[in-house]
Amino acid sequence: MLLACRAALRSLVLFLPVLLAVPARAADPVTVNVWQLPSREARTVDQRADLAVLQRFAELHPEVQMDGFRGITAPGMSLDITPLLAMAGGVAPDVLYVNFRISENYIAQGFLAPLDAYVMKWAAEVAGRPIRTVEEAQPVLAHIIKPQVWPVIYREGPDGRKRVWAIPYTTVVQTLAYRKDLFRKAGLDPDRPPRNWDEVYEYARRMTRPAEGEYGIGIAAGPQASWHFINFLWSAGGEAVVEKEGQWRAVYNTPEAVTALQFYQKLNQGAYVRNGKKVKGVAYRGTDVGGKWVLGKLGMYFQYMDDQVMSQVNPNLIGVAPMPFGPGGERGNEINARMQGMNATIQDPRVRDAAWEWIRFRAGDEAKRIRTRIYTEAGYAQYLNPEYLQRYLTPEEYHRFSRQIPKGWAETLQEAVDSGRPEPYGKNCEMIYTEMTPPIEEAWLSTNTDPKYLKGLLDASVAQTNVKLMGLVPPEVMRTRRTVAGLVVLGLIVGFAFVVRIVMRTFAREIAPAPVTGKGWRRFGYAWIVMLPAILSVAVWQYYPVLRGSFMAFQDYKLVLPSRWVWLDNFAEVLYAPAFWQGLLNSLRYMGYVLAFGFLTPVALALALHEVPRGKVLFRTLYYLPAVTTGLVIMFLWKQFYDRTDAGLLNQVLAGAASLVNAVITKVGIHALHFSPQDWLGDPKWAMVMIIIPLVWAGMGPGCLIYLAALKSIPEEMYEAADLDGAGIWSKIRQITVPQLKPLIIINFVGAFIAAAQAFDAVFVMTGGGPVNATRVVGLEIFYTAYIYQKFGYAVAMAWIVGALLVGFTVLQLRILSRVQFKTAEA
């Protein structure tokens, strides 16, 4: 035994140095959640290049695990909205996507962490010497961050200090792309693009053939359609917003802006003669304009060029040119950047450092070298910027590949960079395009070309924008508004207290006689036990958030930074906001259409189906089928039906009907009817009605089933007695059916009224609130205000005012319910 112990001790002594030499366990890997991480299922050259960059980063940093963003998303959700919702939900990625327009609000909200120390360290590594200031780092990183980008990423934060907030990994500029085949078809030289506005219009006129669905130029539509107009504004010498003494102000109502709007209007209203017929307009303007460009139906279109990959289209088919000169000889186009910033809520310093390593690597020389190599090896060297070919390839490779670059592309890119204007990036500028769009839409649709009329449209819009986005309200005016707001808030409190009292008295009168012991408990006690989970659930998930969120109405609420109490300012702003009252008016219109067409239709359908002698189940199934499809799919389906071109189903049906009518009336000497395709969702007169039709179509089937069930509870003896008395169908409906269904009809009416007042999804999908804000209902206004303007307190104040207007109908519904007795049909 002793010998065995000695042998074990000797072995321990011999192997002790080896055990001590074993390295410590590697630290746990760091996980970095990244917005828009490259997919591992790369198919295109661009995707393969992004994936190669990610793989190289993983090789250099094996301790970092990259994870793609899996937060709050929704179909059609834009990049501007999704990160904000993710921040609100506490699931935002560590590395955020940033562009010029959204950068200011991200900084003001405290979403982005300052990157000064990281940038100076990066510049020092590139320069091989110490870098002590960001200004000293700028020339060192000039080949990565262009001069026009620095004012956007390096500016004052909430604490008043200038910081670096984001790093661009790609710079893009807008250019004028054109189809060479349509140029040749119109007898134009494909190697000579338009150089000024006059040539743009003339070229577009010669390429426009409405009968063939071809137009000279494509113009963006939708809630933010002015992102195309701003190129004309800059080329005319105007600006959208300017900063003076730290205050941003909208200025798109200058004489230069009027000149730009006149030309913009001319693209749609300019009349000319083609083949003996008068034709109006040379542009196609629609939300599907990108699709029309891809299909080869547009001669010219504003398109982005990348500072590294200039384009990925066939240079024999597509040409690119700088933005045409305006009437004053100026040229202006958007310059923007795809950027990455660091989430300010990161607590772990290891995660912050790892996030920075990815931000730097994706923007740096190594990533650009990899992308250049992937493109050249795939045979796409002709699409690359010659600057990158020269920087990242050998001299022999550069000499061979640079000759493949299409003539004029590199010069176009450089001219676009030189004339580039940063996309508006000031206070609340992420919605500047939304505010600029209504006046240009109105001018687009109007035949009034008077400069005074156009100036009036822009003046009204600028005044509203400066109040709504920039917060420019004189102090004396604000004092008056606060007084009015105080009276309104007091009225809201008194009104809600009165409503609560009425509701409590109404239901207390119904349950007061029941004792809580003996028979009373046996009759009602179990009911309270059964309802208790539902009551708690509603209280926790609805009423508590409402009460907790009510404080936001009196705050300038921030998601990350400390919120500031503003007391009555939010209510004062809401009460004097034209957009709020316009939203209420649009909601009333929406409610009127819904109740007129959508409420009575199920009742009429139920009465009809109730009288069908055979095939009741078949008809009920057919009418119920739309309910099986999701509402979003139905909206997109009908949106295709409303296509403004000749290919749109509704336009085809009406055109066919007009042809049939003409075939009859022309025989008797009556002039033929003329039908031209209508832009149903783009016309303010039709847009709201077109939104309602799919709702009625999809909702009348499910709605009629409720009334069918109620009709079965009406005793047949009543109808038989009416028949003996000689009553007709209308008399039986008026004297028997309607009185018997009256409680159900009233309850459904109040519910439909409240639901219509809260309308949001259908309008959001179909029009986004356009055209000219004609369908921007108050629910959509609240959504935009909260999740895009990021004015949460203002949105809550707006919601409370709307709720106060609807609370009376809720009380009416509760009082009716308190008097209704529910029983089975057999009873």
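Just above sits the structure.
Residues numbered from 1 in each chain as written. Predicted model: local features only at pLDDT ≥ 70, side-chain atom pairs only at ≥ 80, totals over all residues. Heavy atoms only, no water.

Peer 1: What's the story with the overall build of the chain in this structure? I'm lost.
Peer 2: Summing up its helical and strand segments, the chain has 32 helices and 18 strands in all. Within the chain, contacts between residues at least 6 apart in sequence are counted, and of these 73% link residues at least 24 apart. Total accessible area on the chain is roughly 41600 Å²; 61% of this is exposed by carbon and sulfur atoms. (Helix = DSSP H or I, 4+ residues; strand = E, 2+ residues; numbered from the N terminus. Contact = heavy atoms within 4.5 Å. Areas by Shrake-Rupley, 256 points an atom, 1.4 Å probe, with all protein chains shown as cover.)

Peer 1: Help me understand the nonpolar core in this model?
Peer 2: For soluble globular proteins, nonpolar side chains are generally found buried alongside one another. Among the nonpolar cores identified, the biggest contains 218 residues, and Ile-167, Leu-267, Met-300 and Tyr-590 are the most heavily contacted of them. With 12 residues, the single largest contributor to this core is helix α27 (residues 687-712). (Core = buried A, V, L, I, M, F, W, Y, C linked by side-chain atoms within 4.5 Å. Buried < 20%, exposed > 50% of the residue type's maximum accessible area, 1.4 Å probe, protein only.)

Peer 1: How should I be thinking about the pairing of strand β13 (residues 298-306) in this particular structure?
Peer 2: A regular strand carries its side chains on alternate faces of the sheet. Burial analysis of β13 places seven of its nine residues in the buried class, which makes it a mostly covered element. Inspection of the sheet shows strand β6 (residues 167-179) paired to β13 by seven bridges, in the antiparallel sense. By the bridge assignment for β13, Gln-174 is matched with Tyr-304. (Pairing = 2+ DSSP bridges.)

Peer 1: Just to check I follow, could you spell out empty space enclosed by the protein for this structure?
Peer 2: Over the atoms rolls a probe the size of a water molecule, and its path tells where empty space is left. According to the stated counting rule, one finds two cavities of 30 Å³ or more in the structure shown. In this structure, the largest cavity occupies an estimated 70 Å³ of space. Considering the residues around the largest cavity, the lining is formed by 13 residues, among which Pro-223, Thr-437, Glu-441, Gly-770 and Asn-773 are closest to the centre. Considered class by class, the residues forming the lining of the largest cavity number four nonpolar, seven polar and two charged. Here the second largest cavity is characterised by a volume of approximately 30 Å³. Lining the second largest cavity are Leu-176, Trp-197, Val-200, Ile-217, Phe-232, Phe-302 and Pro-324. Considered class by class, the residues forming the lining of the second largest cavity number seven nonpolar, no polar and no charged. (1 Å grid on protein atoms, 1.4 Å probe; cavity = no way out; pocket = protein on both sides within 12 Å on 5 of 7 lines; lining within 4 Å. Points joined across faces, edges and corners; volume = space filled by probe spheres on them. Nonpolar A, V, L, I, M, F, W, Y, C, P; charged D, E, K, R; others polar.)

Peer 1: How do you make sense of the environment of Arg-209 when you look at a structure like this?
Peer 2: Within the element layout of this structure, Arg-209 appears in the loop between α9 (197-207) and β7 (215-220). C-alpha of Arg-209 to C-alpha of Arg-274: the two residues are 65 residues apart in sequence and 8.9 Å apart in space. Ignoring any residue separated from it by four or fewer positions in sequence, one finds Arg-209 in contact with Lys-185, Ala-186 and Glu-214.

Peer 1: Explanation requested: the side chain of Ser-446 in the structure shown.
Peer 2: The residue Ser-446 is located in the loop between α18 (432-445) and α19 (451-468) in this model. Look at Ser-446 and you get buried, because its relative accessible area is 14%. Once residues within four sequence positions are removed from consideration, Ser-446 is found in contact with Gln-265, Gln-269 and Tyr-453.

Peer 1: What am I meant to see in the pairing of strand β1 (residues 30-34) here?
Peer 2: With four of five residues buried, β1 is to be regarded as a mostly interior element. In this structure, β1 lies alongside strand β2 (residues 64-68), joined through five bridges in parallel fashion. Bridging across to β2, Val-34 finds its partner in Gly-68. After leaving β1, the chain enters helix α2 (residues 45-60) and then returns to the sheet as β2, a path that is right-handed. (Right-handed = clockwise from strand over helix to strand, strands pointing away.)

Peer 1: Looking at this structure, how should I read a nonpolar patch on the surface?
Peer 2: Together, Leu-618, Phe-619, Leu-622, Tyr-624, Leu-625, Val-628 and Leu-705 give the surface a local cluster of nonpolar side chains, amounting to about 640 Å² of exposed area. Broken down by element, the residue count for the nonpolar patch peaks at six residues, all from helix α24 (residues 616-628). For Val-628, the position within the fold is in helix α24. (Patch = residues over 30% accessible without salt bridge, like charges linked within 9 Å, V, L, I, M, F, W, Y side chains within 5 Å. Salt bridge = Lys/Arg side-chain N within 4 Å of Asp/Glu carboxyl O.)

Peer 1: Can you help me understand the packing of aromatic side chains in this one?
Peer 2: Two aromatic rings are characterised by how far apart their centres lie and by the angle between their planes. For the structure on display, the rule yields 38 aromatic pairs. Geometrically, the ring pair formed by Tyr-118 and Trp-356 is stacked, given 5.2 Å between the ring centres and 20° between the ring planes. Of the two residues, Tyr-118 sits in helix α5 (residues 116-127) while Trp-356 sits in helix α13 (residues 349-363), which places them 238 residues apart along the sequence. For Trp-356, a relative accessible area of 3% puts it in the buried group. For the pair Tyr-388 and Tyr-392, a centre-to-centre distance of 5.8 Å together with 25° between the ring planes defines the contact as stacked. With Tyr-388 and Tyr-392 both in helix α15 (residues 386-392) and four residues apart, this pair spans about one turn of that helix. Members of the aromatic cluster, joined through ring pairs, are Trp-197, Phe-229, Phe-232, Phe-263, Tyr-264, Phe-302 and Trp-444. (Phe/Tyr/Trp six-rings, centres within 6.5 Å; stacked < 30°, edge-to-face > 60°.)

Peer 1: Got a minute to help me understand the packing of α24 against α27 in this structure?
Peer 2: Helices that pack against each other are described as a pair by the angle of their axes relative to one another and the distance between those axes. Direction vectors running N to C along α24 and α27 enclose 130°, while the axes themselves pass 6 Å from each other. Comparing the axis directions of α24 and α27 gives the class oblique. As α24 runs across α27, the sense of the crossing is left-handed. Residues Arg-620, Tyr-623, Tyr-624, Pro-626 and Ala-627 of α24 touch α27, and the partners they reach there are Trp-697, Ala-698, Met-700, Gly-701, Pro-702, Leu-705, Leu-708 and Lys-712. Class assignment of the residues belonging to the contact of α24 with α27 gives a composition of 10 nonpolar, one polar and two charged. (Axes fitted to C-alpha atoms, helices over the stretch in contact; angles between N-to-C directions. Parallel < 35°, antiparallel > 145°, perpendicular 65-115°, else oblique. Left-handed = near helix turned anticlockwise from the far one by under 90°.)

Peer 1: When you look at the side chain of Asp-50 in this model, what are you seeing that I'm missing?
Peer 2: Along the chain, Asp-50 turns up in helix α2. Once you skip the residues sitting within four places of it in the chain, Asp-50 turns out to touch Pro-38 and Arg-371.

Peer 1: What exactly am I supposed to notice about the environment of Leu-806 here?
Peer 2: Relative to the helices and strands, Leu-806 resides in helix α32 (residues 792-819). Taking the C-alpha atoms as reference points, Leu-806 and Ile-754, 52 residues apart in sequence, are found 6.8 Å from one another. Setting aside residues no more than four positions away along its own chain, Leu-806 makes contact with Phe-753 and Ala-757.

Peer 1: Help me understand the packing of α2 against helix α14 (residues 365-377), please; the structure alone is not making it clear to me.
Peer 2: Axis separation between α2 and α14 bottoms out at 9 Å; the angle between their running directions is 140°. Relative to α14, the element α2 lies oblique. In the crossing of α2 with α14, the sense of the turn from one axis to the other is right-handed. Every residue of α14 that contacts α2 at Val-45, Asp-46, Arg-48, Ala-49, Asp-50, Ala-52, Val-53 and Arg-56 is listed here: Glu-366, Ala-367, Ile-370, Arg-371, Ile-374 and Tyr-375. When grouped by side-chain class, the residues that make up the contact of α2 with α14 number eight nonpolar, no polar and six charged.

Peer 1: What am I meant to see in α5 here?
Peer 2: Three or four residues apart is the spacing at which side chains of an α-helix point the same way, because the helix has 3.6 residues per turn. Between its terminal C-alpha atoms α5 stretches 16 Å, which fits the 16 Å expected from 12 residues at 1.5 Å a residue. Along α5, the positions that sit buried rather than exposed are Asp-116, Val-119, Met-120, Trp-122 and Ala-123. One side of α5 carries all its buried residues, which in axial view fall inside an arc of 160°. Summarising the geometry of α5, the exposed residues directed more than 90 degrees from the buried face are Ala-117 and Lys-121. Looking at the packing, one finds that the buried side of α5 touches α6 (134-140), α7 (150-153), β4 (154-156), β5 (162-164), β6 and α13. The positive-phi residue at the C-terminal boundary of α5 is Gly-128, with phi of around 70°. (Expected span 1.5 Å × (residues − 1). Arc of directions from axis to C-beta.)

Peer 1: Where do I start with helix α25 (residues 631-641) in this structure?
Peer 2: Buried residues of α25: Ile-634, Met-635 and Trp-638, and no others. Take α25 and look down its axis: the buried residues cluster within an arc of 100°, on one side only. For α25, the secondary structure elements touched by its buried residues are α24, α27 and α30 (761-766).

Peer 1: Explanation requested: unusual backbone geometry in the structure shown.
Peer 2: Where the residue is not glycine, phi is negative for most of them; where a peptide bond is considered, it is trans in most cases. A positive phi angle, close to 55°, is found at Trp-567, a residue other than glycine. Turning to its location among the elements, Trp-567 is positioned in the loop between β18 (564-565) and α22 (569-575).

Peer 1: Help me out: how do you make sense of the pattern of salt bridges in this one?
Peer 2: Close approach of charged atoms allows side chains of opposite charge to pair. Using the criterion set out here, one finds 31 salt bridges in the structure. One salt bridge connects Asp-46 with Arg-371, and the closest N-O pair in it is separated by 2.7 Å. With a gap of 325 residues between them, Asp-46 in helix α2 and Arg-371 in helix α14 connect regions that are remote in the sequence. By relative accessible area, Asp-46 is classed as partly exposed at 24%. In this structure, Asp-159 engages Arg-163 in a salt bridge whose closest nitrogen and oxygen atoms are separated by 3.3 Å. The exposure class assigned to Asp-159 is partly exposed, which follows from its relative accessible area of 48%. One network of salt bridges, in which partners are shared, links Arg-56, Glu-59, Glu-366 and Arg-369.

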